[in-house]
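# Descriptive structure summary
This is what each chain is made of:
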Amino acid sequence: MNEYRIAGGRRLQGTVHVQGAKNSALPILAACVVCRGVNVIHNCPQLSDIDATINILRHLGCKVKVEANTVTVDSTDIVTDHVPDHLMQEMRSSVIFLGAIAARTGNASLSLPGGCEIGLRPIDLHLDALRKLGAQITEEGGHIYLDCPQGLQGNVISLSFPSVGATENVLITACVAKGTTTLVNAAREPEISDLADFLNRCGARISGAGEGIITIEGVSSLHGAEHIVIPDRIVAATYMIAAAVTHGDVILQNVIPAHIGPVTALLQESGCDIAVKEKKLRITATEKLRAMSTIRTMPYPGFPTDAQALMMTACSVANGTSVVIETIFESRFRHVPELCRFGADILVDGRIAVVKGVSQLLAANVAAPDLRGGAALVLAGLAAEGQTVVRELQHIDRGYEAFESRLCNLGADIRRIEDEKTDG
Ligand code: UD1
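Everything numeric in this text was worked out from a predicted model, so none of it was measured.

### Looking at the packing of aromatic side chains
Tallied over the full model, the rule gives 2 aromatic pairs. Aromatic side chains Tyr400 and Phe403 sit 4.4 Å apart centroid to centroid with 25 degrees between the ring planes, which places their arrangement in the stacked category. No difference in accessibility class separates Tyr400 from Phe403, as the two residues are buried.

Encoded structure:
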C-alpha cells in the first residue's frame, strides 16, 4: 500500500501548472470511438482513470499512442462492441462508452460501472435518454445489453436532473442519430462545452452546449480531429485552497478563471487576495481565514460538489463557523471522520455539515475515502502541525497528476512511500 508522509506547517509559495481536466479528457477519449480516424488529444492528464480509458479503447480495437500529455487514438477499426467487467469496473465514467459504442456499432454490451464510493450513482437517466434515441436496453445480472434495431433517431429529451454523464452520453450518441435532438435541462459544466467543441471539430452539429438546452443535428458519420483539453477547474481549486490553508502565495498557470468563480468568491470572502490575468491566477493568504457563508453544492455554475471536501478543510481552519450543504450526492461526507482526526470540529446531519474552525489542526494518520476527500486530507496535512500519514492513495491518483512533486515545488514537505516489494 502506498502512502503520503507530510510534514505540515510549511507556507506554499511559487508557481504551479494546472493539468488538463480529467472530466473533459475522459468523455473526449471515449467519444473517439465514434470519430472514425485519427484523433489527437492534447493536454490529457497522466492519471490512472485515463489509463483505464485507454485500456478500454485498445480492447475495442483502437490504436492508442501516449506521448507525455498527448494521446493519439486511431479508431479506424473497431473490433468489438463488448467491454469486459474488469475494464468497466476500473471507473464509473466508463458508462460513457455505452453511448459511444452504440453510436459507432449500433450495439453495446457492458457491465455496470465502478468508481468513487460517493453515493448510489445510478445510471437511469443515461438509459432513459438512450432509449429515447431508439436504443433497446436490457439489464441482466449487472450487465447492460443495448441494440438499435431501427437505428438511432433524434428526439426531444428532457432530463429530470442536469446529469453531467447523461448529457455527455446524449451528445455523443445524438451526433450520429437521424434528425434533430433537443436536450432540455442539460448539464452546463465546462466539460460539456469542451466535449461539444471536440465533437464539432469532428463534423458534429451541436449548438447550445454550456446552456440548458442543447440542439444536435444528426450527421451520417464523424471523422477524427485534434483538440486541446481545457484546464482542470477542480485541480485549480485544490492548489488555491492549499495556498489558503498554508497562508501561501501561489501563482496558478493554465486556468480559466470563469470556471472557478464560486471557489474564488468564497476564498475572497474568507480573506484571500486573488488576482487574475488571462490564464493565470495569483492567490495570497496572509491573514487567518474567516468562516464562509453557506456553501451549497449545485450543478454548474453553482459551487462544485467536487470542491466541497477541499473547501471543508479551509473551513476547518477558519475563524468562526461555516455551513456546508451537499445537494448533489447523498453520501459525500466520508472525509469528515478523517478530518476530525486532525482535530477538526465538524458535525454532520444528513446532507448538512456544520464546521467550527479550530485554531490549529494537528497531524493525523488517515485514509483517503475517495478522490476529492483524499485530496482534502492532503491539504489538512499541509496545514497541520506535525507528521501526517495519508493512506489509500489509489483514490487520489485517479485525479491528480504529479501531485506530490507539484506540491514539493511549492515548498511542501510531502513524500510518497511506495510498497515494499516482497518475494512470493
Ligand atoms: C460527473 C463528474 C463528477 C462530479 C459530478 C457532478 C465525471 C467523470 N465525473 O459525475 O466528478 O462530481 O459530475 O458534478 O465527469 N444521477 C442519477 N441518475 C443518473 C445519473 C446521475 O440519479 O442516471 C444522480 C447521481 O446519483 C448524482 C447526481 O445525479 O446524485 C449527479 O450525477 P452526474 O451529474 O451524472 O455526475 P457524473 O456524471 O456521475
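### A word on the sheet that holds strand β18 (residues 273-277)
With mixed pairing, the 4 strands of this open sheet are ordered in space as β2-β17-β19-β18. Taken across any chain shown, the strands that pair with only one partner, and hence form the sheet edges, are β2 (13-17) and β18. With direction set aside, neighbouring strand axes in the sheet form an average angle of 15 degrees. Pairing of β2 with strand β17 (residues 249-253), which is carried by 5 bridges, proceeds in the parallel orientation. Bridging across to β17, His17 finds its partner in Gln253. Across the sheet, helix α8 (residues 233-245) is in contact with β2, β17, β18 and β19 (280-284); its angle to β17 comes to roughly 170 degrees.

### Some words on the site of the ligand
Taken together, 18 residues surround the ligand, and among them Asp124, Leu125, Ser163, Asp306 and Ile328 come closest. At 3.1 Å from an oxygen atom of the ligand is found a side-chain nitrogen or oxygen belonging to Asn23. In this structure, an oxygen atom belonging to the ligand sits 2.6 Å away from a main-chain N or O atom of Ile328. Protein chains shield 86% of the accessible area of the ligand, which is 740 Å² for the free molecule. For the shell around the ligand, the elements supplying multiple residues, two or more each, are α5 (124-132) and α6 (164-174). Of the residues forming the shell around the ligand, the biggest block, 3 residues, is contributed by α5. Residue composition of the shell around the ligand, by class: 7 nonpolar, 6 polar and 5 charged. In terms of domain composition, the shell around the ligand takes at least three residues from each of domain 1 (3-19 + 231-417) and domain 2 (22-228).

### Regarding the domain arrangement of the protein
Domain assignment breaks the protein into domain 1 (3-19 + 231-417) and domain 2 (22-228). Between the C-alpha centres of domain 1 and domain 2 the distance comes to 30 Å. If you look at the interface, domain 1 gives 24 residues, while domain 2 gives 22 residues. Among the residues of domain 1 in contact with domain 2, Tyr300, Arg398 and Glu401 are the three that bury the most area, contributing 32% of the side total. Our enumeration of links across domain 1 and domain 2 arrives at 2 salt bridges. A salt bridge links Arg233 to Glu191; its shortest N-O distance comes to 2.8 Å. The interface formed by domain 1 and domain 2 contains 7 residue pairs in polar contact (both at pLDDT 80 or more).

The rules behind these values
Residues numbered from 1 in each chain as written. Predicted model: local features only at pLDDT ≥ 70, side-chain atom pairs only at ≥ 80, totals over all residues. Heavy atoms only, no water. Phe/Tyr/Trp six-rings, centres within 6.5 Å; stacked < 30°, edge-to-face > 60°. Buried < 20%, exposed > 50% of the residue type's maximum accessible area, 1.4 Å probe, protein only. Pairing = 2+ DSSP bridges. Helix = DSSP H or I, 4+ residues; strand = E, 2+ residues; numbered from the N terminus. Axes fitted to C-alpha atoms, helices over the stretch in contact; angles between N-to-C directions. Contact = heavy atoms within 4.5 Å. Near = heavy atom within 4 Å. Polar contact = N/O pair within 3.5 Å; in protein donor to acceptor, adjacent residues only side chain to side chain. Areas by Shrake-Rupley, 256 points an atom, 1.4 Å probe, with all protein chains shown as cover. Nonpolar A, V, L, I, M, F, W, Y, C, P; charged D, E, K, R; others polar. Domains from an automatic or database assignment. Buried area = accessible area lost by both parts, 1.4 Å probe. Salt bridge = Lys/Arg side-chain N within 4 Å of Asp/Glu carboxyl O.

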